[in-house]
Structures are given as C-alpha cells and as structure tokens.
Amino acid sequence: MDAIVQIIVSGVTLGAMYALASVGLALTFGTMGMFNMAHGLFMTIGAYVTYSAAAVLNLPLGIAILAGLTAGGAVGALMHLVIVRFMLDREDFRTTIMVATAGVAILLQDLILKYYGAYPFRQPAQIEGTFRIGNVAVPYQSLAILVTAAVLIGATAWLLKKTRFGLAIRATAMNQDAAKLMGVKTERTYLQVIIIAGVLAAAAGILISSMASLSPGMGTNPLIRAFVICVVAGLGSVAGAGMTALALGVMEAAIGYYFGARFGFPILLGLVILVLIFRPAGLFGKAEVIRS
Amino acid sequence: MMGSGVLTRHLVGLIGFAALMAVVPFFVTQRYFLGEIVLFMIWASVAIQWNVLLGHAGVFSLGQMLFFAIGAYSVGMLGVFYDVTPWLSMPVGAVVAAVAAFIIGIACLRLTMPYVALLTFAIVFMVDSLIRTDVECFMSHGGRCLPLFGGGQGFSGFDDLGFRKLLKGKWIVGNYFVVLTVLLLSLLASIVVIHGRLGLAFRALHDSRVYAAARGMNRTRFHVVAFVVTAFFTGLTGAVYAAHFRFAGPSLFEFPTLVIVMAMIVVGGLKSTWGPIVGAAAMMLLIEFAKGWGDIQNALVGTVLILFVLLLPKGLSGVISAGVEKMVKAEPSRTDQASPAKQ
Amino acid sequence: MTPLLSVRGLSSGYRHQKVLHGLDLDIPIGSVTAVIGPNGHGKSTLLKAIAGLLPSWEGEMVFDGNRLPAGAPDRARRGVVLVPQGDQLFTAMTVEENLLMGAFARTDTNAIKANLDEVFELFPRLRERRTQRTESLSGGERRMVGIGRGMMANGKLTMIDEPSLGLAPLIVEQIYDALGKLAREDRSIIVVEENPSRVADVASAFLLMDGGHFAWTGNADDLRQSGDVLKTYLGG
C-alpha cells in the first residue's frame, strides 16, 4: 500500500513536470510544424533567471518566478523574430527548422555555461516541509508542482478552446491558408504560440530545478521525456500530451521503484517503441492538429 | 545513361581527392597538423554518411553518434577485455553498428520524419545514461574495476594499430593512411548510393510518394537499407577513431558533437555529394582559429549553423557551384558584347 | 462609376514560375464576373493573387478607393473574400465553428448572428449539421460550408473558385441557385469555372483566361455569339 502511494506521489510529480515540458513542444509543432530543439534551453533559461532574480538580486520569490517566465517567453519571441520568421515559407521548413533550433540550443547552452559556470546551484523557488499520506512523506514541493502544472495547463487549454485568440491558433494549426483568408494574422499567431511555449517551458524549468538543481544541461533530460511523450501522444495533441505525461510519469516511477531508477526511462522507451511498431501514428491517432 | 555519366565523374573526383590526400603527409610533417587532418577525415566521413540519410534519403536520424560509438566501443571493449587487435575489431564494430541500425530502423523508420528524429535522439540519450550510470563490475583491468560498457570513464589505453612499434616516431603517418582508407571507402559508398539505383529510388520517393508507391516501391524498406548502409560506415569510422585515439567513452554521445557534425553538413551543403568534405574542412579550420579567441567553440558552432541555415541554405558547395555556373555563363556574354548586333 | 476593384498590370506566380502576365481587370460594384477557361492557365492563381495568398510581382490593385495592402489577412479585413478551391475547411471544427471563423475579422456581434441565420436559410442542411465536425460531411455539404463561411465575412468582394468542382450535377444546381441569391447591389462576385455554360445564367461579364492572359472578354450576349471562339479554347 505504502509502495503504491509512494509510486503515485513521485509519479504524478514527475508526470506534472513532464506535462508542462511537453505541452509547449506539442503546441508549436501542432500550430506551425516546427520542432523546437531549443525547447529544453527555454526551460534552463527560465530556471536560471528565476535563480538569479531570487538568490543574486534578492527579489521576492513571486517576482523572481515572474522574471523567469518572462525570460522564457522573451527568448522564444527573440528566436522567432530573428530566425523562425524568415524560414516559414521554406519548402523544407520542418527539416531546416530542426537544424536551426539545434544551433540555437548549443549556442544558448554555451552562453549559460560561460555566464553561470557548471556549478549546480540550488533553486530558491521551493517550499520546505512534508506532510504524510499513511506512512509516506509527501513534500509540499510535490504538491506545489502538481498545482502549478495543473493551473498552467488548464489555462492553456482554456485559452485554446474558449478565447478568440485560441480560435486563431487552432484555425492556423488546421489550415494556415484558410486562416489567413479569414483575416487571422498567422505570422503574429506563430509569434504568440512560441511565446506561450517559452513561458510554459520556463515554468517547467523552474519546477524541475526545484526538485533537482540548476545546471546548464538540465533541460536535456526533460526534453527527451517530452520527445517521447509527444511521440506517444501524437505530435500536436496538447491534451494528449498532458495525459500521456502523467501516465508515463507514474509508469516511470513504478519501474524505477521495482527495478531501480536507472531503468525507469529505458524500459519506458522500450515499451513506447514496442507500441509504435503496432501503432505507428501514436496512441492518440494521427492528425497533426491541436485537439485541446 | 546520364546517371552513369555523373557516377563516373564523381568517381574520377574521388580518385583525384584520394591522390591529393595521399601526398599530404609528404609535405605536412608536424604531428599536430597531421593529427588535426586525421580528425578532419574522421568527421568528414561521419558527415558524409549522415548527409546521405539527411539530404538524400530523407531520414532525419539524430542517432548517428550511436553507430559511431558502437564502432568505437567494439574496438575499446574487445581491446581491453580480450586484447583483440583493432585490425580485427574494426570490421566487427562496423557490422555490429549495421545490425543495431537494422533493429532500430525496423522499429522506427515507419514513422514520419519528426518522429524518427525524436525517437533516434531518445534512444541515444537512453544508451548514454545507461552506460554512465553502470557501476557493476564486469572485469578488473589494471587494478581498476571496469563495468561492461566502461561506465562514465569509457575505455582507454588498449592496443593501437601497431604503427608505434613499426614506424616509431612517424607512427601517425600509418594511422593517417588507415583513416584515409576508411574515409575513401565511406565516400565511395556515398557516391554509389547517391548516384546509383538507391539514389534514384530516393529521388522518386521524394518527388512523388504516390507514384513511387504505385510502382511498388516501399519507402520504409529503402530507408532501412540506407540506414543500415550508412550505419555500417559510420560504425567503421567510429572504430578507426577508437583505434587512433585509443579511446571510447560516453563523451561521444554529447550533444555538441552531434551539432558540430550537423554544422559540417549544413555549412558544406545539405543534399550535395562533396559538401560534407568541404563543410568538415571549413568547420575544422574555424574551430582551429577560434582556439585563439578563447573557449567559445560551441557558441561559435551554433552561430555558424544558424547563419548558414538562414542565409546560405545551400551551403558552401551551393555557393561554389553557383559561382562556377556564373563563370560558365559569363564566357558567352563577353563574346556577346563583342558583337553588339546580338541581344 | 468607379469600379470596386481595379487591377492594372498584375503579374504573379509560384516561386520561380510566373503564371499571370500583366493582367488588367475592373470589377464593377454589384456585378457577377465569371473567369472561365481551361485548367492550368491561371484562373485560381488570379484569385489567390487578388486575395493576397500569393504576392504580386508587378502591377497594382485599387479596392474600394484604396490601394490593397499586402498579405491575405489584411485584405480579408478590408472585405476581399476568397472561397478557395477544395473548400479548405477547418476539419476538426464543427460546421458552426467554421462558419463563425468566416466572421473572425468582424466585431458586429448582432449582424454576425443575422448572417449566420442567412446562411442557414440558404443551406438548411447546414443547420441540421451545425454541431457536426466538418470532416464527417459529404462533398456537397462541405462546399456549402465553404461558401457559407465566405458569406459570413460579409465582404464587398466574394471570389469563389470552381464551386462545381467534383460535385454531382444535382448538387451543383443547388449551389448555383444559392450563388444566384448571393448577388446583391452592394456585393460583387467573381466566380471561376472551367466551363462557361454553368455560369452563363448567373454572370454578367465573362473573362476567358489562357496562358496567364485574358484571351477574350465580353458579356452574356457576346458569349452566346462567340461560341466558336470559345470552342477553340475549351475544346468543344
């Protein structure tokens, strides 16, 4: 019984972080067919800026977190304005944008390494203490992560489904030309989508660093998880990504508990590949559109 | 018929390149520079194979360094655990890489482009973290406990190609020619693939998937064949890397390494035949010069990659061939000026 | 009277291929113009260039007294509406959501509601299917959604690309009935069709397109009298 509670608590915490990490990735891919290799660096930047604002500048935690989120969105916007914008009309956009964002990733990672060094700083944005479910000690931080992820993903879903702004995004995702003909300024929509993805990634980065610590390469691990989640959910499915993330988080925690932590991800990946052999379109179907 | 003419032209080019590279050690004698050229040839070979997949077959694999590492680890493991000479373990490494590619290819290549990229990347990451976190003792070596895949340290200090005994101070020249042979094999294979029947199939698949399907061409099968062939030569290159440096470790999986090779392809010109060689040379020179400006290699590589994708998507080979075309066209236009009646 | 749309010297095309070669065109207010001619000679390209989906390489366009801005979104907001070939619906949205997307650039909520009723009156089938996703509709129903979505924009100029393409004759008739009702004093329409006989009753002016030029222009009477000229272009 305690084992199951333990698995669910750590699994859901993991899953919530992975969900936050993957929703932005799925959103950008679903809207513009852009696979962003620099998504992991958006997480890293969000985490480091929050750290700097709180631990170095001694700003209140709320403002520090806000600064981190803003930084994630700003880096996304910058990448769009300087690079992505000029590549959108290319025939082989899907391939070349991956190459270009890989370049952005390595550049940003190097800049962070140069500025902060490789020292694993402790993220100040966290809550101390635990409470108990049965015999299992649950950190308040786990609860905070779950709530933050749920709120942010819920807000994103609401934005997509219920607002005029979301309508424009969904229309653009389904048919770019038709959206333009309806008066949707798709170029601006793309910019907005990348900013949202940047903010969500930064939030994921802050949460992840609060559980582990800060390092220039901290984005890689969750990015790979996000990759796998998107593969299983079908790229572009935002709600699917959220659900898959939770499921995979719990599974990884269970495998880790029974077979050792280092096998959590490998066994999961093996299972995913096995599933894909029989369902090449992913678990949630094949359409590459946003179904929120 | 036209295709075989192109093939012949590239093969003549290959012979010329081979001759050029073969005389280099007679003029360049400093070990440092020869070592850098050896490294250039290794990365050029990896880039050549990756370009076949990325630029020609349309397979967006991010798993190339895995096959490179399989070749390297084969040499390292067989050398450390069983004292096998690299001459034997190199072909073994290439074959193991090809077999691994076959298994991964069958599992992943039915998916569409972005999924292939995601999965191959995830597989490399998984292998990397499994190797790094392995602490179980497989064999004691030199008073040190060594896990089966070498753990975070990897393998080093195993038997080399034997030129240190044979050629003494000039051992690197021996290694040079072994690496050159591998590069030439890799280049030959790429030329045959790109301009042979397989390349024709890739172009047919690229131009019209429906037509190709109607002709009974199976996209996945061609992709798996390309995946296995390129993995074989990438593995062979990894094996010769390990034999030259007497090292194989998880640092081969690092993201910057992948991006540097990617930059070589893009700088040289994606979809070209000789671009990766041009690109590898250009990137090696750039990195060499950048050493004088401090430790900025990765930031520089990233910037160059972005600039080329944005501004010169056809790479240096695109610039060169456009320049050649201009010169060819400029010739008759000059004669036009001489006879003003023509316009 | 100044025309609603006046095009002078328009050239456009795809990447490196020029398709339209310096076209002149005037669309009067409240008219129905038919662009006819064989496939692959630039009819759809013309509509896309006017709508702003394709950039103009040369020439200028004056619409409603102003030069048209670049880009489809801004032109849509000015009232240049294109119902594209193949419908281009938002497949994962419902019929009603698709129709409301047509009014995306508008803010006059009450008028939008009235417009929606108008569309449902014209195509009663769509009212029955309003909550259905468009991917589950028949070809004819999709065309109705496409045209209805165009109507929802309430533009001054509505361009419809091959409304009869791929539909059964009976449905084509229904669609053209609806198009006849669409024409109003304050709304100009351009219809593209390969075959002039379908549009003969609806349109007042005809433009025959061949190789990116207008090879022949005239009104309905001219069309009847110049049967021979047209045959050479349309192959009988």
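Thresholds, definitions, all that
Residues numbered from 1 in each chain as written. Chains lettered and ligands numbered in written order. Predicted model: local features only at pLDDT ≥ 70, side-chain atom pairs only at ≥ 80, totals over all residues. Heavy atoms only, no water. Helix = DSSP H or I, 4+ residues; strand = E, 2+ residues; numbered from the N terminus. Rg over C-alpha atoms; globule rule 2.2 N^0.38 Å. Buried < 20%, exposed > 50% of the residue type's maximum accessible area, 1.4 Å probe, protein only. Contact = heavy atoms within 4.5 Å. Areas by Shrake-Rupley, 256 points an atom, 1.4 Å probe, with all protein chains shown as cover. Lys, Arg positive; Asp, Glu negative; His and termini not counted. Charge placed at Lys NZ, Arg CZ, Asp CG, Glu CD. Phe/Tyr/Trp six-rings, centres within 6.5 Å; stacked < 30°, edge-to-face > 60°. Salt bridge = Lys/Arg side-chain N within 4 Å of Asp/Glu carboxyl O. Pairing = 2+ DSSP bridges. Axes fitted to C-alpha atoms, helices over the stretch in contact; angles between N-to-C directions. Buried area = accessible area lost by both parts, 1.4 Å probe. Polar contact = N/O pair within 3.5 Å; in protein donor to acceptor, adjacent residues only side chain to side chain. Nonpolar A, V, L, I, M, F, W, Y, C, P; charged D, E, K, R; others polar. Parallel < 35°, antiparallel > 145°, perpendicular 65-115°, else oblique. Left-handed = near helix turned anticlockwise from the far one by under 90°. Core = buried A, V, L, I, M, F, W, Y, C linked by side-chain atoms within 4.5 Å. Expected span 1.5 Å × (residues − 1). Arc of directions from axis to C-beta.

Participant: Explain the overall build of chain C to me, please; I cannot follow it from the model alone.
Facilitator: Along the backbone of chain C there are 10 helices and 10 strands. In terms of C-alpha radius of gyration, chain C reaches 17 Å, essentially the compact-globule figure of 18 Å for 236 residues. For chain C, the C-alpha atoms occupy an extent of roughly 45 × 40 × 40 Å along the three principal directions. Evaluated residue by residue, chain C yields a buried proportion of 50% over its 236 residues. In chain C, 67% of the contacts between residues at least 6 apart in sequence involve partners at least 24 apart. Roughly 10600 Å² of accessible area belongs to chain C as shown, and the carbon and sulfur atoms make up 47% of that amount. A gap of 5 Å separates the mean positions of the 26 positive and 29 negative side-chain charges of chain C.

Participant: Sorry, what's going on with the arrangement of the chains here?
Facilitator: Most contacts, compared over the two pairs of chains touching, are made between chains A and B. Spatially, chain B is disjoint from chain C: no contact exists, and the shortest C-alpha separation is 16 Å.

Participant: Which parts of the structure should I look at to understand unusual backbone geometry?
Facilitator: Excluding glycine, residues mostly carry a negative phi; peptide bonds, for their part, are mostly trans. In this structure, Asp83(B) takes a positive phi of about 55 degrees despite not being glycine. Take Asp83(B): its relative accessible area is 60%, and that puts it in the exposed class. Residues other than glycine seldom take positive phi values, yet Asn154(C) does so here, at roughly 50 degrees. Residue placement: Asn154(C) occurs in the loop between α6 (139–152) and β7 (157–161).

Participant: Hey, could you run me through the packing of aromatic side chains in this one?
Facilitator: Any two aromatic rings considered together are summarised by their centre-to-centre distance and by the angle between their planes. Residues and elements named next belong to chain B. Inspection of every chain in the model, using the stated rule, returns 27 aromatic pairs over all chains. Measuring from centroid to centroid gives 6.3 Å for Trp43 and Tyr241, while their planes differ by 45 degrees, and the two rings are tilted. Pair noted here: Trp43 is in helix α2 (residues 31–57) and Tyr241 is in helix α10 (residues 219–245), with a separation of 198 residues, a long-range link. For the ring pair Phe121 and Phe255, a centre distance of 5.8 Å and an interplane angle of 80 degrees mean the geometry is edge-to-face.

Participant: Sorry, what's going on with the pattern of salt bridges here?
Facilitator: Oppositely charged side chains are able to pair whenever their charged atoms sit close together. All names here are of chain C. Summed over the entire model, instances satisfying the criterion amount to 20 salt bridges over all chains. Between Arg67 and Glu60 there is a salt bridge, with its nearest N and O atoms 3.9 Å apart. Residue classification places Glu60 among the partly exposed residues on the basis of a relative accessible area of 37%. With a closest N to O distance of 3.3 Å, Asp108 and Arg106 form a salt bridge. We classify Asp108 as partly exposed; its relative accessible area is 36%. Look at Arg106 and you get buried, because its relative accessible area is 13%. Here the salt bridges share partners, and the residues they tie into one network are Arg125, Arg129 and Glu141.

Participant: Looking at this structure, how should I read the pairing of strand β2 (residues 17–27) of chain C?
Facilitator: In the case of a regular strand, side chains alternate between the two sheet surfaces. Note that strand β1 (residues 5–14) of chain C and β2(C) share seven bridges and pair antiparallel. Across the sheet, the residue bridging to Leu5(C) is Ile27(C), located in β2(C).

Participant: Is there a simple way to think about the sheet that holds strand β6 (residues 80–83) of chain C in this case?
Facilitator: Residues and elements named next belong to chain C. Reading across the sheet, the six strands line up as β6-β7-β8-β3-β9-β10 and stay open at both edges, with mixed pairing between neighbours. Edge strands, defined here as strands with exactly one partner in the open sheet, are β6 and β10 (213–219). Each strand of the sheet is rotated relative to its neighbour by a mean of 20 degrees, with strand direction disregarded. With five bridges joining them, β7 and strand β8 (residues 188–193) adopt parallel strand pairing. Bridge pairing links Leu157 to Ser188 in β8. Packing against the sheet, helix α7 (residues 169–182) makes contact with β7 and β8, and its axis sits at approximately 155 degrees to β8.

Participant: What is the right way to look at the interface of chain B and chain A in this model?
Facilitator: For an interface, size is often stated in terms of accessible area lost upon the parts coming together. Contact with chain B, which involves 37 residues of that partner, is made by 44 residues of chain A. Of the roughly 3600 Å² buried between chain B and chain A on both sides combined, carbon and sulfur atoms contribute 79%. In terms of surface lost to chain A, no three residues of chain B exceed Tyr115(B), Leu118(B) and Phe125(B), which account for 18% of the buried area on that side. Our count for the chain B to chain A interface comes out at one salt bridge. Linking Lys271(B) and Asp92(A) is a salt bridge whose minimum nitrogen-to-oxygen distance equals 3.9 Å. Connecting chain B to chain A are six residue pairs in polar contact (both at pLDDT 80 or more).

Participant: Teacher, can you tell me more about the interface of chain C and chain A here?
Facilitator: Facing 23 residues of chain C, the contacting portion of chain A comprises 20 residues. Roughly 2000 Å² of surface becomes buried between chain C and chain A when both sides are summed, with 66% attributable to carbon and sulfur atoms. When the buried surface of chain C facing chain A is broken down by residue, Pro73(C), Phe90(C) and Phe104(C) rank first, second and third, together holding 29% of it. Counting every contact that joins chain C to chain A gives two salt bridges. Its salt-bridge partner being Glu97(C), residue Arg170(A) comes within 3.3 Å of it at the nearest N-O pair. Secondary-structure elements contributing two or more residues to the side of chain C that touches chain A are α2 (72–78) and α3 (95–102) of chain C. For the side of chain C that touches chain A, the leading source of residues is α2(C), giving five residues. For the side of chain C that touches chain A, the class distribution of residues is 14 nonpolar, three polar and six charged.

Participant: So what exactly am I meant to see when it comes to the side chain of Thr96(A) here?
Facilitator: Following the sequence through the fold, Thr96(A) ends up in helix α4 (residues 93–116). Relative accessible area serves as the criterion here: at 10%, Thr96(A) is assigned to the buried category. Of the polar contacts made by the side chain of Thr96(A), one reaches the backbone oxygen of Asp92(A); its length is 2.9 Å. Contact partners of Thr96(A), with chain neighbours within four places excluded, come to Met87(A), Arg90(A) and Val309(B).

Participant: Looking at this structure, how should I read the packing of helix α4 (residues 109–122) of chain C against α6(C)?
Facilitator: A packed helix pair is summarised by two numbers, namely the angle formed by the two axes and the spacing between the axes. Residue and element names in this part refer to chain C. Interhelical geometry of α4 versus α6 gives an angle of 150 degrees and a closest axis separation of 9 Å. By the angle between their directions, the pair α4 and α6 is classed as roughly antiparallel. Along this stretch, α4 crosses α6, giving a crossing that reads as right-handed. Residues Ile112, Asn115, Leu116, Glu118, Val119 and Leu122 of α4 pack against Gly148, Met151 and Met152 of α6. Looking at the contact of α4 with α6 residue by residue, the class counts come to six nonpolar, two polar and one charged.

Participant: Looking at this structure, how should I read the packing of α2(B) against helix α12 (residues 275–290) of chain B?
Facilitator: Residue and element names in this part refer to chain B. The geometry of α2 relative to α12 is characterised by a closest axis approach of 8 Å and an angle of 140 degrees between their N-to-C directions. The orientation of α2 with respect to α12, classified from their angle, is oblique. The handedness of the crossing between α2 and α12 is right-handed. Seen from α2, the contacting residues are Tyr32, Glu36, Leu39, Phe40, Trp43, Ala44, Ala47, Ile48 and Asn51; seen from α12, they are Pro276, Ile277, Ala280, Ala281, Met284 and Glu288.

Participant: How do you make sense of the nonpolar core when you look at a structure like this?
Facilitator: Most often, soluble globular proteins keep nonpolar side chains buried together rather than apart. Core analysis: the biggest nonpolar cluster contains 213 residues, and Met41(B), Trp43(B) and Leu62(B) have the highest contact counts within it. Top element by residues in this core is α2(B). It accounts for 17 residues. Excluding anything up to four places from it in sequence, Trp43(B) contacts Met65(B), Phe68(B), Thr257(B), Val261(B), Met264(B) and Met284(B). By size, the runner-up hydrophobic cluster in this structure holds 42 residues, among which are Val19(C), Ile50(C), Met93(C) and Leu207(C).

Participant: Would you mind showing me how to read α4(C) here?
Facilitator: All names here are of chain C. Under the 1.5 Å per step criterion, the end-to-end length of α4 is 20 Å for 14 residues, consistent within 8% with the ideal 20 Å. Looking only at α4, the buried set comprises Ile112, Asn115, Leu116, Val119, Phe120 and Leu122. For α4, the angular spread of buried residues about the axis comes to 160 degrees, placing them on one side. Away from its buried face, by an angle of more than 90 degrees, α4 presents the exposed residues Asn110, Lys113 and Glu121.

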